[in-house]
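Coordinate inspection notes
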Amino acid sequence: MESVVLAQAIVSGLLMGGLYALISVGLTLIFGVMRIINFAHGDLMMLAMYITYWMFTLYGIDPYISIVVTMPVLFVIGSVIQKSLINRVLDAPQSSQLFLTLGVMLIAQNAALLLWKADYRAIRAPYTGSVIKLGEVFVGIPRLTSFAVAIILTGMLYLFLTRTKIGRAMRATAQNREVSMLMGVNVPRIQTVAFGIGSACVGAAGTLLSTFYYISPTVGTTFTLTAFLAVVLGGMGSFTGAFFGGLIVGLAESLGAVYVATQYRELVTFIIFIFILLAKPSGLLGKSRV
Amino acid sequence: MRVYEALKDAGSTRSSKAATKIQAVIIIAVIIVASVAAYWYYYTTTIAVPEEIIIGAPLPFSGAMATIGLSCQRGHDLAVEDINAAGGIESLGGAKIKMVYADIQSDPEVTTSETERLISTHHPVAILGAYASSLTYVATAVSEREKVPFLAPMAQADAITDRGFQYVFRQAIRASSVGAKAIDMIVEMAEHYGTPVETIAIVYENTLWGQTGAEAARKRAPEVGFTIVYDEAYSQGTSDLSPVVINLKAARPDVVVLASYLNDAILMARTFHELDFNAMGYVAMGGGYLEPDFINSAGKDSEFFFAGSGWQRDLSITGLADVVERYEEKHEIFMNEHAGLCYAATWLIKEVLELSGSLHPDNPLDPDSIRDAFLKIDISSGPAAMTAGGRAKFNEKGDNIYGSHVYLQVLNGTQCTAWPFDRAAAEAVWPAPLWNERQ
């Protein structure tokens, strides 16, 4: 029985961690390229969840298919936010940047509250609640599918960043904005694209999450916090760091909740967090910056 | 002239005899006139009860609880219509009831000022309100100071009647009894269906409401011979409930007792199904499991969950169906617990005033007369008793000792009253079918 509990806890933690990872790589990409902390990250996810919900409820479009809509829509929303708002404060003091993204967060949440009320909603697809059994371990099919899609998307993003010209330009901008500019990289355009891609990632995560989670205007807040944790754990701005950070946070939450106490799940995560940062102040895979 | 002189020389020994005689006559005359006047004055002012009895209702009509405030108002209004149509308060010469509302904006600070304003401008005879425990707690502090009797139709927090107040009464169940009621329900279910229950688990959200409920269940369980095999709090709005369910499954309780808000309730039902956690009964102390959105969002996974409620539209009480039908026809919306409890509470205050009128005909609207009527009333039929407990009788603290919960079960997507058996509207499904055997 004990080993079943352990196995189940690990599986559940990893499945959740996969989604945390997708949310976190979006956040770390935005941070890496623009050095800006995006408090509205989880709320972009909330928007994607509502898009998914309405497409399913009104037109019966399967959530997994609606990814092809939510990702481009969120890409556009992200780019517009970057071009019209973030761009203006890139050279402003950090506090102004924080207040700006915090403002976007409040506007997004309250607009959602106004448009769709505070009701909790959930998608009931035909496969909702279907389960497969691996030995004694139960795995929800929506969770498993969402996990797989999240991992595939993260992998694709990784290939994009390492193999394509625009991806390399993005990494170059992340490393050093001025030098990239001198090397002929169109930095403002790269920044817009980066914010767009970061938003598309979290949008995809929102859609995937909505197959087994509830939807409400404030649903994003919990996930913003978790993503920050994963990003800092993995090293600010590090892509692979954020990916593993997400998985670690998922696992730590699950194991902590099973073996310590559910109401102290964050405690376990933060203790691990503190120890990793004590041992490696720049995060697991972070490079120390001057 | 003689009188004048006599009075003038009243103190002198020479004419003292005459003076005292006249004085005595005057004093007697004055006393007679004064007592007749006083009796006449007394008679006219106390017996002539105003034609309209004003009842105040501070309720949240805006802010987070706005929709609930509206349901309450509809419940009160329907009751007032019925009471006045039936001839008002008989013992007070058929006086009609008039409700005066104040918007307390779901905000404790506004509640204080609006309740004060309500009392000083309208001088209500009694107050009904103010939905949430937090709002009722502050509203009753004002009404107690102003000596206006207050009947809370649904606030559950123990603290409301634990302050030694004289004029505060509660119709609903006390929060600390909710958990014990859940255990009692499990005992009866197990007996009725011949499925012995030995172990239970308690899973609750870790704010005041969940903790109070869990505490009572934890205390009651050993008294009826249950062993608690898992007792776990989780923080509200957590991102994943799988860990709770994993442990729950390993603990193998016969029945699980739950206290969650709506978002966690949805996640809980889904995670039970996903991780295949089976129990004889999933028994929730109201909260999120009671809301229509629980069924809408959790869908089939919400089937067979029990939830405690202070009122339900299908309760088998004579006359209730008619009230529900008229309400639903008028507003084209399901009559909910809030409207139901407010409807009953309005009738209860009517019955209290009725009793006050017959017990204290000389001064029926005095706060102390009303308090006395509250302490003496014992009503178990008619609209005033259309609640889960089916009876109203108050103790010294102001709690309705029959304040209770009925348990509803989700059956084919509808919540039906399933316990207590004598007021059930549907046959309960106990034990719940295994997840993998449901279609």
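Residues and elements named next belong to chain B. Read across the sheet, 5 strands follow the order β2-β1-β3-β4-β5 without closing on themselves; strand pairing throughout is parallel. In the strand order of this sheet, the two ends are held by β2 (96-103) and β5 (168-170), each with one partner. With strand direction ignored, the average angle separating the axes of adjacent strands in the sheet is 25°. Contacts from helix α12 (residues 337-359) reach β1 (52-59), β2, β3 (126-128) and β4 (150-152) within the one sheet, and its direction differs from that of β3 by about 165°.

Another aspect to go through is the sheet that holds strand β10 (residues 305-309) of chain B. All names here are of chain B. With respect to topology, 7 strands assemble into an open sheet ordered β7-β6-β8-β9-β10-β13-β14, the strand pairing being mixed. In the strand order of this sheet, the two ends are held by β7 (227-234) and β14 (414-419), each with one partner. Strand-to-strand twist of the sheet, defined as the mean angle between neighbouring strand axes without regard to direction, takes the value 25°. Looking at chain direction, β10 and strand β13 (residues 406-411) are connected through 4 bridges and run antiparallel. By the bridge assignment for β13, Ala 307 is matched with Leu 408. Packed on one face of the sheet, helix α6 (residues 175-193) meets β6 (199-205), β8 (255-259), β9 (281-284), β10, β13 and β14 and runs near 155° to β9.

What follows deals with the interface of chain A and chain B. Between chain A and chain B, the residue contacts involve 29 residues of the former and 28 residues of the latter. Elements represented by at least two residues in the side of chain A that touches chain B include exactly α1 (2-34), β1 (121-122), β3 (137-140), α9 (220-234) and α10 (239-259) of chain A. Element by element, the count of residues in the side of chain A that touches chain B is highest for α1(A), at 5 residues. Of the residues assigned to the side of chain A that touches chain B, the class counts are 13 nonpolar, 11 polar and 5 charged.

Here we come to the domain arrangement of chain B. Residue and element names in this part refer to chain B. Taken as a whole, chain B is organised into domain 1 (2-47), domain 2 (52-173 + 316-393) and domain 3 (176-309 + 406-437). For domain 2 and domain 3, the distance between their C-alpha centres works out to 31 Å. Facing the 8 residues of domain 2 at the interface are 8 residues of domain 3.

Here β1(B) runs beside β2(B); their pairing, made up of 8 bridges, is parallel. When the sheet's bridge partners are listed, Glu52(B) is paired in β2(B) with Lys96(B).

As a further point, take the environment of Ile77(A). Residue and element names in this part refer to chain A. Note that Ile 77 resides in helix α3 (residues 63-89). Accessibility expressed as a C-beta count within 10 Å gives 20 for Ile 77, which makes it buried. A C-alpha to C-alpha distance of 28 Å links Ile 77 and Leu 15, two positions 62 residues apart in sequence. Those residues in contact with Ile 77 that sit more than four places away from it in its chain are Leu 44, Leu 47 and Ser 199.

What follows is about the packing of α3(A) against helix α8 (residues 187-209) of chain A. Residue and element names in this part refer to chain A. Contact geometry of α3 with α8 gives a least axis separation of 7 Å together with a crossing angle of 145°. Note that α3 runs across α8; the crossing there is right-handed. Class assignment for the residues of the contact of α3 with α8 results in 12 nonpolar, 13 polar and 1 charged.

Per-residue confidence for chain B averages 89 on the pLDDT scale, and 94% of its residues sit at or above 70. ipTM for the predicted complex: 0.83, alongside a pTM of 0.80.

Among the nonpolar cores identified, the biggest contains 226 residues, and Ala205(A), Val256(B) and Val283(B) are the most heavily contacted of them. Each of domain 2 (52-173 + 316-393) and domain 3 (176-309 + 406-437) of chain B gives at least three residues to this core. Here Ala205(A) is in contact with Leu19(A), Leu22(A), Ile23(A), Met45(A) and Ala150(A), once residues within four sequence places are set aside.

We now examine unusual backbone geometry. All names here are of chain B. A cis geometry characterises the amide bond from Gly 129 onward to Ala 130, with omega recorded as -5°. Take Ala 130: it is sitting in the loop between β3 and α5 (133-145). Phi is positive for Gln 105, which is not a glycine, with a value near 55°. As for its placement among the helices and strands, Gln 105 is situated in the loop between β2 and α4 (108-122).

Before going further, it helps to spend a moment on helix α11 (residues 265-279) of chain A. Helix length check: α11(A), at 15 residues, gives a terminal C-alpha distance of 22 Å against a target of 21 Å (1.5 Å per residue), a fit within 8%. Arg265(A), Thr269(A) and Phe273(A) are the residues of α11(A) that are buried. All buried residues of α11(A) fall inside an arc of 60° around its axis, so they share one side. Exposed positions of α11(A) whose direction lies more than 90 degrees from the buried face are Ile274(A), Phe275(A), Leu278(A) and Ala279(A). Elements in contact with the buried residues of α11(A): α9 and α10 of chain A together with α8 (242-251) of chain B.

Scoring rules and cut-offs
Counting starts from 1 at the beginning of each chain's written sequence and moves along it residue by residue. In the order they appear in the text, chains get letters beginning with A and ligands get numbers beginning with 1. In keeping with the model being predicted, local features are shown solely for residues with a pLDDT of at least 70 and side-chain atom pairs are shown and tallied solely at 80 or more, while totals for entire chains, interfaces and linings include all residues. Only strands joined by at least two bridges in the DSSP assignment are considered to pair. Only DSSP runs of H or I covering at least 4 residues are called helices, and only runs of E covering at least 2 are called strands; the numbering of each starts at the N terminus. Between N-to-C directions, angles span 0 to 180 degrees; the directions come from axes that are lines fitted to C-alpha atoms, helices contributing only their stretch in contact. Whether two residues are in contact depends on their C-beta atoms, placed from the backbone: they are in contact if these lie within 7 Å. For this scheme, ten residues count as nonpolar: Ala, Val, Leu, Ile, Met, Phe, Trp, Tyr, Cys and Pro. Four count as charged, namely Asp, Glu, Lys and Arg, and the remainder, Gly too, count as polar. Bear in mind that the domain bounds are from an automatic or database domain assignment. Any residue surrounded by 20 or more other C-beta atoms within 10 Å of its C-beta is treated as buried, while 12 or fewer makes it exposed and the intermediate range makes it partly exposed; C-beta atoms here are placed from the backbone. Handedness of a crossing is defined here by the sense of rotation of the near helix relative to the far one, left-handed for an anticlockwise turn of less than a right angle and right-handed for a clockwise turn. pLDDT is a residue-level measure of predictor confidence that goes from 0 to 100. By convention in this section, buried Ala, Val, Leu, Ile, Met, Phe, Trp, Tyr and Cys residues joined through C-beta atoms within 7 Å make up a nonpolar core. Take the residue count of a helix, subtract one, and multiply by 1.5 Å to get its expected span. Arc definition: it is the arc formed by the directions from the helix axis to the C-beta atoms.

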